[in-house]
Number of protein chains: 2
Amino acid sequence: MSPPDSLAAARARIAPAYDAGLFRDSGHAVSDALADHLAESLSGEGPVLNWNAPADNIAAATAALRGEPVGSNDEVADRVRGLVGEILKRGQNLHSPRYIGHQVPASVPIAGLFDAVGSVTNQPMAIYEMGPFASAAEEACVAALGEKLGFDAGSFAGFVTHGGSLANTTCLLTARNVLFKKCWEEGVPRSGPQPVLVAHGESHYCIARSAGLLGLGTRNVIKAELNDRRQIDPSALDETLTRLRAEGVPIVAVAAGACATPIGAFDDLNAVADVCEKHGVWMHVDAAHGGAAAFSPTHKHLLDGVERADSVIWDAHKMLFVPALCAFVFYKNREHRFEAFRQDAPYLFDPSDPGLAEHDSGMKTLECTKRAAALGLWGTWATFGEQLFTDLVDVTFALTRSLYEKLNAAADFEPLNDPQCNIVAFRYVPACLRDANDATLGRFQQDLRRDLVRSGRFYIVPTAKDGVPALRCTVMNPLTTEAHLDELLNELRTRGRALSERR
Amino acid sequence: MSPPDSLAAARARIAPAYDAGLFRDSGHAVSDALADHLAESLSGEGPVLNWNAPADNIAAATAALRGEPVGSNDEVADRVRGLVGEILKRGQNLHSPRYIGHQVPASVPIAGLFDAVGSVTNQPMAIYEMGPFASAAEEACVAALGEKLGFDAGSFAGFVTHGGSLANTTCLLTARNVLFKKCWEEGVPRSGPQPVLVAHGESHYCIARSAGLLGLGTRNVIKAELNDRRQIDPSALDETLTRLRAEGVPIVAVAAGACATPIGAFDDLNAVADVCEKHGVWMHVDAAHGGAAAFSPTHKHLLDGVERADSVIWDAHKMLFVPALCAFVFYKNREHRFEAFRQDAPYLFDPSDPGLAEHDSGMKTLECTKRAAALGLWGTWATFGEQLFTDLVDVTFALTRSLYEKLNAAADFEPLNDPQCNIVAFRYVPACLRDANDATLGRFQQDLRRDLVRSGRFYIVPTAKDGVPALRCTVMNPLTTEAHLDELLNELRTRGRALSERR
């Protein structure tokens with residue numbers, strides 16, 4: 001294609017895709033489709049998970065790509081409505097109050113609208129100029145959340161990245177580079193004892209994965225010993241670090257949890273900080289889930305000591321109830337903010353205006369081009385105020401305590417933890433399985449869960465304790481009620497009985 | 001908080017945030033605000049960049065967080081509209097046809113609506129169950145794009161991640177783990193010559209950064225020699241690999257560009273593949289920008305040989321004109337798809353149903369929880385058909401050729417490359433600067449650019465050639481016309497003259 005007429009024809013074909021009127025019609029159509037869908041989900045009507053096997057969903061998605069494109073402008077909003085309908089009827093409905101599954105929330109729907117502003121206008125913000133207000137909204141949230149954690153205004157730094165895994169990796173990369181000044185340029189040290197990372201014994205998989213990624217090796221992650229509430233045992237940690245120091249083993253960091261994922265165990269962060277300070281070791285806290293407790297006068301004690309950590313992560317897309325992904329990284333010491341990465345890209349960072357680089361997110365994040373990932377949080381906060389976050393934490397934590405009490409009171413359920421937050425693990429153990437071996441008992445939990453979630457009635461998740469499969473709930477929807485929890489237990493009983501009879 | 005009445009009060013305060021009717025009103029308000037904004041931007045009215053210094057934007061963003069929350073439900077849509085207005089009036093307007101800047105597009109606005117469906121309903125999809133149709137839409141796009149690249153259906157694999165940097169890092173991590181079978185578990189090898197990565201001499205900064213991240217060290221990136229069109233010189237590459245092999249130096253990968261960022265140089269991928277095959281080295285292609293040429297019968301020859309690469313990345317949020325972030329990773333050999341990461345997370349991956357793990361994106365990506373990042377591409381494709389992508393490539397490439405010809409014909413402009421795609425670098429060299437030294441000439445380009453972009457009249461970006469600052473345009477908006485390009489040159493002349501007179 002080069003003749004001007006074919007260029008003009010191409011432009012004419014492109015035009016509808018950039019027609020503001022067609023966008024408006026489509027925007028209204030999508031808003032209505034989403035509002036109708038939310039009304040149904042939020043009320044608890046309809047399924048939680050719309051279960052279809054992968055092959056079936058992939059066939060539907062592929063067929064749409066191969067269909068005829070819209071033939072006229074009039075069809076655009078209808079086509080968009082049809083495709084959105086397909087997405088909605090085949091999706092997971094976190095907004096159902098019967099969603100009590102992973103640590104991913106029934107997000108505040110309006111937060112998604114603020115995300116959409118960033119998405120429709122595309123504010124890529126690797127450098128400040130390319131998303132000036134998106135950058136500013138992120139910086140405002142960093143300041144506000146960092147102060148909630150107890151860091152001193154002006155002396156800490158932070159930014160947003162695409163998820164807790166990236167956030168943890170970035171912090172541990174910084175810890176590695178701070179410990180080994182030449183590592184970034186020269187690679188992981190090749191002499192002396194191999195460096196280790198000491199982590200909560202049940203830390204998220206991304207912690208060990210970071211060791212694999214950063215060239216340290218996953219086997220060089222030492223699992224910190226846990227107490228009977230599955231929190232780091234500070235005296236055992238002290239012994240471990242003492243031994244490692246005596247052996248001359250470099251310690252990249254101690255990674256504590258606030259909270260660890262399996263049962264939501266919060267480490268005693270002051271005790272961990274004491275040990276880290278004693279040995280001069282970088283303290284990292286994965287507060288992806290629990291950071292939000294900082295908003296609750298009732299629960300913020302769970303985070304006591306977090307302000308002593310060298311690095312902290314906190315996912316707003318967990319307990320601040322915004323859509324994925326919006327994860328915060330914090331460094332207690334501002335000077336660490338450029339330690340993770342160092343690069344030269346003359347077309348990006350303008351050396352003639354170096355002050356601006358302070359606000360160029362690409363200098364600090366794994367991403368170069370970035371979404372305006374903080375707009376959802378910023379808009380939600382600015383609309384409803386921070387009391388919303390307090391309430392969301394308090395309600396979901398309180399409801400989880402109720403669930404625990406119900407499980408405890410029931411002869412046929414066995415809770416596996418006394419919840420510190422909104423996570424509780426348990427097993428359904430009907431009379432006929434009371435003497436079953438671990439393999440049978442575990443397999444029963446897995447089969448029961450699959451049967452339940454594929455029915456669409458509830459969504460809960462699998463876990464394991466001592467290697468034996470179990471069930472796990474995280475109350476991530478503030479519309480879930482006591483009645484739904486009672487219904488969950490009854491549903492598990494009914495399905496469990498049917499399942500054990502089929503065996 | 002524990003008494004039931006305070007729980008009830010908290011629930012009552014939360015209710016408006018989950019009210020489907022308020023969401024509907026807000027959705028309409030946001031659609032209208034965006035449509036009005038787009039109408040203005042697309043027409044070329046108003047500024048490109050709304051320049052405000054960081055401190056000013058941060059103050060505005062912070063004030064919004066500290067404001068009074070909405071007092072009544074009636075205020076929700078108004079508040080949302082007001083906040084969205086603030087975002088829009090302080091943002092970067094890629095949709096202006098006078099945006100001719102970074103390799104980030106004036107995205108198809110409707111793509112942002114499909115993103116919004118994922119965002120409002122929150123489909124986190126680390127595991128298939130948590131975003132079944134979002135996963136399927138991604139798999140359908142992977143299949144369709146991979147076949148466009150020329151990979152054999154059924155024998156390749158791919159997935160979406162949050163940006164080209166993550167995508168490149170994931171591929172190079174895979175290459176590292178494939179080369180060093182024990183590296184993931186044991187860390188980077190500590191004996192023998194240090195491994196190297198050979199990369200296009202002007203590869204994106206994330207390539208060298210990956211070496212830093214993966215524990216290889218940035219100084220162990222060998223810059224492949226370039227020819228006068230700034231493409232990898234295949235015979236020099238052959239000599240380099242021959243020398244490295246003779247010295248027993250492990251070679252993690254050769255990273256080629258399709259295209260490299262500074263001037264959009266496409267490597268001769270068949271020639272690079274010949275050399276890599278000869279030496280048995282992993283061939284990686286960063287086709288973040290240029291992958292889209294596969295949609296154009298006119299330009300797809302630029303990618304000849306890409307199907308021989310072991311790994312390829314392709315950013316849909318560049319030349320497929322969807323909003324950030326939606327980056328694709330491809331492995332020629334399906335068996336490499338789980339090589340980057342290996343983890344154990346019993347609450348995520350159900351060992352009782354292992355076939356499902358094939359569709360669990362968290363097994364393959366740096367992210368655990370993930371956005372439904374492919375919905376924007378899927379929806380745009382399914383609405384407008386693939387001809388749209390062909391047209392977008394053809395129009396922007398053709399227009400860049402026009403810009404080059406205009407620069408070439410003008411006595412006071414000096415183009416720095418004959419563009420292969422839609423990237424052209426140049427300098428404005430008025431008569432009074434014809435004998436200026438490099439420092440003066442370079443500083444003038446930087447000052448001129450800053451003056452221009454902060455005026456809001458055009459948005460172009462800085463680059464450098466041979467260490468001397470220059471200007472750079474990427475035509476990323478299909479609504480840009482010849483007239484806008486003429487206007488750009490005249491605007492640079494007017495501002496340039498004023499600037500040189502002020503000196």
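Coordinates for the structure precede this section.
The sections below set out a description of the structure shown in this document. (Residues numbered from 1 in each chain as written. Chains lettered and ligands numbered in written order. Predicted model: local features only at pLDDT ≥ 70, side-chain atom pairs only at ≥ 80, totals over all residues. Heavy atoms only, no water.)

### Quick notes on the packing of helix H2 (residues 20-42) of chain B against helix H4 (residues 75-89) of chain B
Residue and element names in this part refer to chain B. The criterion, for reference: An axis is simply a line fitted to the C-alpha atoms; with a helix, the fit covers only the stretch in contact. Between two such axes, the angle follows the N-to-C directions and lies from 0 to 180 degrees. Under the scheme used here, helices are H or I runs from DSSP no shorter than 4 residues and strands are E runs no shorter than 2 residues, and both carry numbers assigned from the N terminus. Throughout, the term roughly parallel applies to angles under 35 degrees, roughly antiparallel to angles over 145, roughly perpendicular to angles from 65 to 115, and oblique to all others. By definition, any crossing whose near helix is turned counterclockwise from its far helix by less than a right angle is left-handed, and any crossing with a clockwise turn is right-handed. What makes two residues a contact is simply this: any of their non-hydrogen atoms within 4.5 Å. In this classification, the charged set is Asp, Glu, Lys and Arg, the nonpolar set is Ala, Val, Leu, Ile, Met, Phe, Trp, Tyr, Cys and Pro, and all remaining amino acids, among them Gly, are polar.
Packing of H2 against H4 leaves a shortest axis separation of 9 Å and a crossing angle of 30°. In terms of axis orientation, H2 runs roughly parallel to H4. Crossing of H2 against H4: the hand is right-handed. Contacts between H2 and H4 involve Leu22, Asp25, Ser26, Ala29, Val30, Ala33, Leu34 and His37 from the first element and Val76, Ala77, Val80, Arg81, Val84 and Leu88 from the second. Of the residues contributing to the contact of H2 with H4, the split by class is 10 nonpolar, two polar and two charged.

### Notes on the interface of chain A and chain B
The condition that has to hold: Each of two parts loses accessible area, computed with a 1.4 Å probe, when they are put together; buried area is these two losses added. Throughout this description, the term salt bridge denotes a Lys or Arg side-chain nitrogen within 4 Å of a carboxyl oxygen of Asp or Glu.
Chain A puts 180 residues into the contact, and the matching count from chain B is 180 residues. For the pairing of chain A and chain B, the buried interface totals around 15400 Å² over both sides, and the portion due to carbon and sulfur atoms is 65%. Linking chain A with chain B are 10 salt bridges, by the criterion used here. Of the residues forming the side of chain A that touches chain B, the biggest block, 16 residues, is contributed by helix H2 (residues 20-42) of chain A. Of the residues in the side of chain A that touches chain B, the class split is 101 nonpolar, 49 polar and 30 charged.

### Description of the sheet that holds strand S7 (residues 327-331) of chain B
Residue and element names in this part refer to chain B. The following threshold applies: Here the rule is simple: two strands pair whenever DSSP picks up at least two bridges between them.
The mixed open sheet is built from seven strands, whose spatial order is S1-S7-S6-S5-S4-S2-S3. Strands with a single pairing partner mark the edges of an open sheet, and in this sheet they are strand S1 (157-161) and strand S3 (221-224). Here the strands of the sheet are splayed against their neighbours by 20° on average, with no regard to which way each runs. Pairing geometry for strand S2 (residues 196-200) and S3, over four bridges, is parallel. Bridge pairing in S3 links His200 to Ala224.

### Here we look at the pairing of strand S11 (residues 468-474) of chain B
In summary, the side chains of a regular strand alternate between the two faces of the sheet. Residue and element names in this part refer to chain B. What counts, and what does not: For every residue, the accessible area obtained with a 1.4 Å probe (protein chains only) is divided by the maximum for its type, and the residue is called buried under 20%, exposed over 50%, and partly exposed between those limits.
With seven of seven residues buried, S11 lies mostly within the body of the structure. The alternating pattern of S11 places Val468, Ala470, Arg472 and Thr474 and Pro469, Leu471 and Cys473 on opposite faces, both of which are buried. Both strand S9 (residues 423-428) and S11 contribute to a ladder of four bridges, which runs antiparallel. Looking across to S11, one finds that Ile423 is bridged to Thr474. Where strand S10 (residues 461-465) folds back onto S11 in an antiparallel hairpin, the turn is made up of two residues, including Asp466, whose phi is positive at roughly 55°.

### Observations regarding the environment of Gly376 of chain A
Residue and element names in this part refer to chain A. Considering the arrangement of structural elements, one finds Gly376 in helix H12 (residues 375-384). For Gly376, a relative accessible area of 1% translates into the label buried. Considering only alpha carbons, one finds Gly376 and Pro109, 267 residues apart in sequence, at a separation of 9.5 Å. Dropping the residues within four chain positions of it, Gly376 is found in contact with Ala111, Phe114, Asp115 and Val322.

### Focus on the sheet that holds strand S4 (residues 251-257) of chain A
Residue and element names in this part refer to chain A. The strand order across the open sheet built from seven strands is S1-S7-S6-S5-S4-S2-S3, with neighbouring strands paired in mixed fashion. With one partner strand each, in any of the chains shown, strand S1 (157-161) and strand S3 (221-224) form the two edges of the open sheet. Across the sheet, the mean angle from the axis of one strand to that of its neighbour is 20°, orientation sign disregarded. The sheet contact formed by S4 and strand S5 (residues 283-286) spans four bridges and is parallel. Paired with Val254 across the two strands is Met283, which belongs to S5. Most of the contacts of helix H11 (residues 269-279) go to S5, to which it runs at about 155°, and overall it touches S4 and S5.

### A few points about the nonpolar core
Applied cut-off: In this text, buried Ala, Val, Leu, Ile, Met, Phe, Trp, Tyr and Cys residues form a nonpolar core when linked through side-chain atoms within 4.5 Å.
Judged by nonpolar contacts, the single largest core of 232 residues is most densely connected at Phe328 of chain A together with Phe328 of chain B. Dropping the residues within four chain positions of it, Phe328 of chain A is found in contact with Glu138, Cys141, Val142, Leu145, Phe159, Val160, Ala167, Val312, Ile313, Trp314, Ala316 and Leu377 of chain A. Core analysis: the next-biggest nonpolar cluster, separate from the first, contains 63 residues, Ala211 and Leu366 of chain A together with Leu216 and Val221 of chain B among them.

### Some words on helix H14 (residues 438-455) of chain B
All names here are of chain B. Our working definition: By this rule the span expected of a helix is its residue count minus one, scaled by 1.5 Å.
For H14, built from 18 residues, the straight-helix expectation of 26 Å at 1.5 Å per residue is met to within 8% by its first-to-last C-alpha distance of 26 Å. Residues of H14 that are buried include every one of Leu441, Gly442, Phe444, Gln445, Gln446, Asp447, Leu448, Arg449, Arg450, Leu452 and Val453, and no others. Packing partners of the buried residues in H14 comprise S9, S10, S11 and helix H15 (482-502).

### Brief notes about the pairing of strand S10 (residues 461-465) of chain A
Pairing between S10 of chain A and strand S11 (residues 468-474) of chain A: five bridges, direction antiparallel. Each bridged residue has a counterpart across the sheet, and for Pro462 of chain A the counterpart in S11 of chain A is Leu471 of chain A.

### Remarks on the pattern of salt bridges
Residues and elements named next belong to chain B. Using the criterion set out here, one finds 62 salt bridges over all chains in the structure. Arg230 is the salt-bridge partner of Glu202, the closest N and O atoms lying 2.9 Å from each other. With Glu202 in the loop between S2 and helix H9 (205-213) and Arg230 in the loop between S3 and helix H10 (234-246), this residue pair connects regions lying 28 residues apart in the sequence. The salt bridge partner of Asp447 is Arg450, with a shortest N-O separation of 3.7 Å. Of this pair, Asp447 and Arg450 both sit in helix H14, three residues apart, which is roughly one turn of that helix.

### Thoughts on helix H6 (residues 132-149) of chain A
All names here are of chain A. Between its first and last C-alpha, H6 extends 26 Å over 18 residues, near the 26 Å set by a 1.5 Å rise per residue. In terms of burial, H6 is a largely internal element, 13 of the 18 residues being buried. Where H6 terminates, the next one or two residues include Gly150, which has phi positive at roughly 100°.

### Section: the packing of aromatic side chains
We count it as follows: Two rings from Phe, Tyr or Trp (for Trp, the six-membered ring) form a pair when their centres are within 6.5 Å of each other. A pair whose planes differ by under 30 degrees is stacked, one over 60 is edge-to-face, and the rest are tilted. Over a ring means this: the NZ of a Lys or the CZ of an Arg is within 6 Å of the ring centre and within 35 degrees of the ring normal.
All chains considered together, the criterion is met by 32 aromatic pairs over all chains. Seen from their ring centres, Trp381 of chain B and Phe389 of chain B are 5.6 Å apart, and the 75° between their planes marks the pair as edge-to-face. Of the residues examined, Phe389 of chain B reaches a relative accessible area of 0% and is grouped as buried. Aromatic ring contacts, followed pair by pair, group Phe151, Phe156, Phe328 and Phe330 of chain A into a single cluster. One cation-aromatic arrangement involves Arg98 of chain B over Phe458 of chain B; the distance from NZ or CZ to the ring centre is 5.9 Å. Between the NZ or CZ atom of Arg209 of chain B and the centre of the ring of Phe341 of chain A, over which it lies, the distance is 4.0 Å.

### With respect to the state of the cysteines
Selection rule: What counts as a disulfide here is a pair of cysteine sulfur atoms lying within 2.5 Å.
Per the stated rule, a full pass over the model turns up zero disulfides over all chains. Between Cys206 of chain A, a free cysteine, and Cys368 of chain B, which holds the nearest cysteine sulfur, the sulfur-to-sulfur gap is 7.4 Å. For Cys206 of chain A, a relative accessible area of 2% translates into the label buried. With no disulfide partner, Cys473 of chain A has as its closest neighbouring cysteine sulfur the one in Cys421 of chain A, 13 Å distant. Looking at Cys473 of chain A, the relative accessible area reads 1%, which means it is buried.

### Here's the deal with the side chain of Ser296 of chain A
Residue and element names in this part refer to chain A. In this structure, Ser296 sits in the loop between S5 and strand S6 (311-315). Taking the relative accessible area as the measure of exposure, Ser296 reaches 0% and is therefore buried. Look past the residues within four positions of Ser296 in its chain and what remains in contact with it is Thr390, Val393 and Asp394.

### Considering the relation of the copies chain A and chain B
The condition is simple: We place the copies in one frame by least squares, fitting the C-alpha atoms of every residue whose pLDDT is at least 70 in both.
Mapping chain A onto chain B calls for a rotation angle of 180° and an axial translation of 0.0 Å; the resulting RMSD is 0.0 Å. Here the transformation between the copies is reduced to the relation of a two-fold axis. The residues that chain A uses at the interface reappear at the interface of chain B in 99% of cases, marking a shared surface.

### With respect to the side chain of Ser210 of chain B
Residues and elements named next belong to chain B. This is how it is decided: Identification of polar contacts relies on pairs of N or O atoms within 3.5 Å, with a donor-acceptor requirement for protein atoms, meaning one able to donate a hydrogen and the other able to accept it, and with residues adjacent in sequence counted only if both atoms are side-chain atoms.
Structurally, Ser210 can be placed in helix H9. Only 2.8 Å separates the side chain of Ser210 from the side chain of Thr169, close enough to count as a polar contact. A distance of 2.7 Å separates a polar side-chain atom of Ser210 from the backbone oxygen of Cys206. Beyond its immediate chain neighbours, meaning those up to four positions away, Ser210 contacts Asn168, Thr169 and Leu172.

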